[in-house]
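Descriptive analysis of the structure
What follows is the residue order along each chain.
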Amino acid sequence: MASSTVRPDHHDHDHVAERLLRSAAKLSYDPAVEVDWDTPLDKGFHGQSPEWNSLYGTAYWHEMTEEQQKELTRQESASVASTGIWFEMILQQMILRDIYRTDHTDPRFQWALTEIADECRHSIMFARGSQKLGAPAYRPRRSVMELGRVMKTVGFGEAAYAGILVAEEVLDVMQRDWMRDERVVPFVRTINNIHVVEESRHMKFARDETRRHLARAGRARRHLQALIVAIAAYYIITSLVHPEVYVRAGLDPERARREAAANEHYKARLRASCSGLMEFLGDVGMLTRPAVFFYQRAHLL
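Calculation criteria
Residues numbered from 1 in each chain as written. Predicted model: local features only at pLDDT ≥ 70, side-chain atom pairs only at ≥ 80, totals over all residues. Heavy atoms only, no water. Helix = DSSP H or I, 4+ residues; strand = E, 2+ residues; numbered from the N terminus. Rg over C-alpha atoms; globule rule 2.2 N^0.38 Å. Buried < 20%, exposed > 50% of the residue type's maximum accessible area, 1.4 Å probe, protein only. Contact = heavy atoms within 4.5 Å. Patch = residues over 30% accessible without salt bridge, like charges linked within 9 Å, V, L, I, M, F, W, Y side chains within 5 Å. Areas by Shrake-Rupley, 256 points an atom, 1.4 Å probe, with all protein chains shown as cover. Salt bridge = Lys/Arg side-chain N within 4 Å of Asp/Glu carboxyl O. Lys, Arg positive; Asp, Glu negative; His and termini not counted. Charge placed at Lys NZ, Arg CZ, Asp CG, Glu CD. Expected span 1.5 Å × (residues − 1). Polar contact = N/O pair within 3.5 Å; in protein donor to acceptor, adjacent residues only side chain to side chain. Core = buried A, V, L, I, M, F, W, Y, C linked by side-chain atoms within 4.5 Å. Phe/Tyr/Trp six-rings, centres within 6.5 Å; stacked < 30°, edge-to-face > 60°. Lys NZ or Arg CZ within 6 Å of the ring centre and 35° of its normal. Axes fitted to C-alpha atoms, helices over the stretch in contact; angles between N-to-C directions. Left-handed = near helix turned anticlockwise from the far one by under 90°. Nonpolar A, V, L, I, M, F, W, Y, C, P; charged D, E, K, R; others polar.

**Remarks on the overall build of the chain**
The secondary structure content of the chain amounts to 14 helices and zero strands. Taken from the N to the C terminus, the helices and strands of the chain come in the order α-α-α-α-α-α-α-α-α-α-α-α-α-α. In terms of C-alpha radius of gyration, the chain reaches 19 Å, essentially the compact-globule figure of 19 Å for 301 residues. Dimensions along the principal axes, computed over C-alpha positions, put the chain at roughly 60 × 45 × 30 Å. Going through the 301 residues of the chain one by one, you find that 54% of them count as buried. Summarising the internal contacts of the chain: among those between residues at least 6 apart in sequence, 85% fall at separations of at least 24.

Structure below.
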């Protein structure tokens, strides 16, 4: 757990938080006014870049009508957003626990609350976006939801911040593609742009805090936390696409799940999106053998 005790590297980390606080003051968004919530959904658009769809490039994708393809991308976009909401709720609780005893005048404390405020706005934004896409509240299966409770209880320090990275780095790469893609419905592009801009600060802080916490962690703690983060990454990635999205697009869910599971194009996209993250985790000693097993199962390595 973090404390208010001053350490040799304390001021360096303060400087990072101070820079992020200044950046947030200059460039932050209010999704309630920045996103066009009033214009009716135009079903002529996709909800995500098609190349990021779980079925893109499969035989089933080529058999689908254009309308089905667009509906599936809208449903998958909403499913990704719903998974993001779920994990952001876990991370917010972990960060609050981490800063519980921190000096309130510490810039790290103030930045952490700023980040939590951002995440609250993002979750509301994703929820409204999913609703506008005509999607239900996609949630991970019950067992995964309960594992989330375990993570927020046993994970601390570096697990919270490395968890932010594994959740956000994949989303960052895919959303950078979506926000530039004119095939994607405009309000989703705006949502993605807001998230990318504000999450870039969160990821900077997460990397800095991960290094700070690991600097005082022994081998056993580092190995345990590395495993917790890797397991979390596996369940985040495998929960991005809810099976119900295929039903909503009028597809045979069993066939769709089989073809998605074998889709090498999608797996290659995931690995490419995580190359920087895996390099970072390797640098800080969190790519242990058990952790690598779960990253490989999630197609992140």
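**Considerations on a positive patch on the surface**
A grouping of Arg 19, Arg 22, Lys 26 and Lys 204 is seen on the molecular surface, where their side chains present a positively charged patch. Here the positive patch gets three residues from one element, more than from any other, and that element is helix α1 (residues 10-26). Summarising the element assignment, Arg 22 is placed in helix α1. In this structure Arg 22 comes out as partly exposed when scored by relative accessible area, which is 49%.

**Some thoughts on helix α5 (residues 107-132)**
Compared with an ideal rise of 1.5 Å per residue, which puts 26 residues at 38 Å, α5 spans 37 Å between its outermost C-alpha atoms and is within 8% of the ideal. N-capping of α5 is provided by Asp 106, with a side-chain oxygen placed 2.8 Å from the backbone N of Arg 108. Among the residues trailing α5, Gly 134 stands out with phi positive, at a value near 80°.

**Concerning unusual backbone geometry**
If you check the backbone angles, His 299 has positive phi at about 65° while not being a glycine. By secondary structure assignment, the location of His 299 is in the segment after α14 (289-297).

**Here we look at the nonpolar core**
If you look at the biggest cluster of nonpolar residues, it comprises 90 residues, and the most contacted ones within it are Leu 55, Phe 87, Tyr 246, Tyr 295 and Leu 300. Discounting chain neighbours no more than four positions away, the residues touching Tyr 246 are Ser 54, Leu 55, Leu 72, Glu 76, Val 241, Leu 251, Pro 253, Ala 256, Arg 257 and Ala 260.

**Here we look at the packing of aromatic side chains**
Overall, the coordinates contain eight aromatic pairs when judged by the stated rule. Judged by centre distance (6.2 Å) and plane angle (65°), the rings of Trp 111 and Phe 205 are edge-to-face. Here the residue Trp 111 occupies a position in helix α5, and Phe 205 occupies one in helix α8 (residues 186-214), the gap between them amounting to 94 residues. You'll find Trp 111 and Phe 205 in the same group, each marked buried. Aromatic ring contacts, followed pair by pair, group Tyr 234, Tyr 235, Phe 293 and Phe 294 into a single cluster. A cation over a ring is seen here: Arg 207 above Phe 280, with NZ or CZ 4.8 Å from the ring centre.

**Quick look at a nonpolar patch on the surface**
Taken together, Leu 147, Val 150 and Val 154 make up a surface patch of nonpolar side chains, about 220 Å² in accessible area. Here Leu 147 lies in helix α6 (residues 142-154).

**Overview of the side chain of Thr 83**
As for its placement among the helices and strands, Thr 83 is situated in helix α4 (residues 66-99). Apart from residues no more than four positions distant in its own chain, Thr 83 is found in contact with Ile 236, Ser 239 and Leu 240.

**Focus on the pattern of salt bridges**
Counted under the stated rule, the structure contains 18 salt bridges. In this structure, Asp 172 and Arg 176 form a salt bridge, with 2.9 Å as the shortest nitrogen-oxygen distance. Here Arg 176 and Asp 172 lie together in helix α7 (residues 158-180), a separation of four residues that amounts to about one turn. The exposure class assigned to Asp 172 is buried, which follows from its relative accessible area of 12%.

**Side note on the packing of α4 against α8**
Packed helices, taken two at a time, are described by their axes: the angle between them and the distance between them. Orientation of α4 relative to α8, taken along the N-to-C sense of each, is 35°, at an axis distance of 14 Å. Where α4 crosses over α8, the handedness of that crossing is left-handed. When α4 is examined against α8, the residues Ser 77, Glu 88 and Asp 98 are found in contact with a partner set consisting of Val 188, His 195, Glu 199, Glu 209 and His 213. In terms of residue class, the contact of α4 with α8 is made up of one nonpolar, three polar and four charged.

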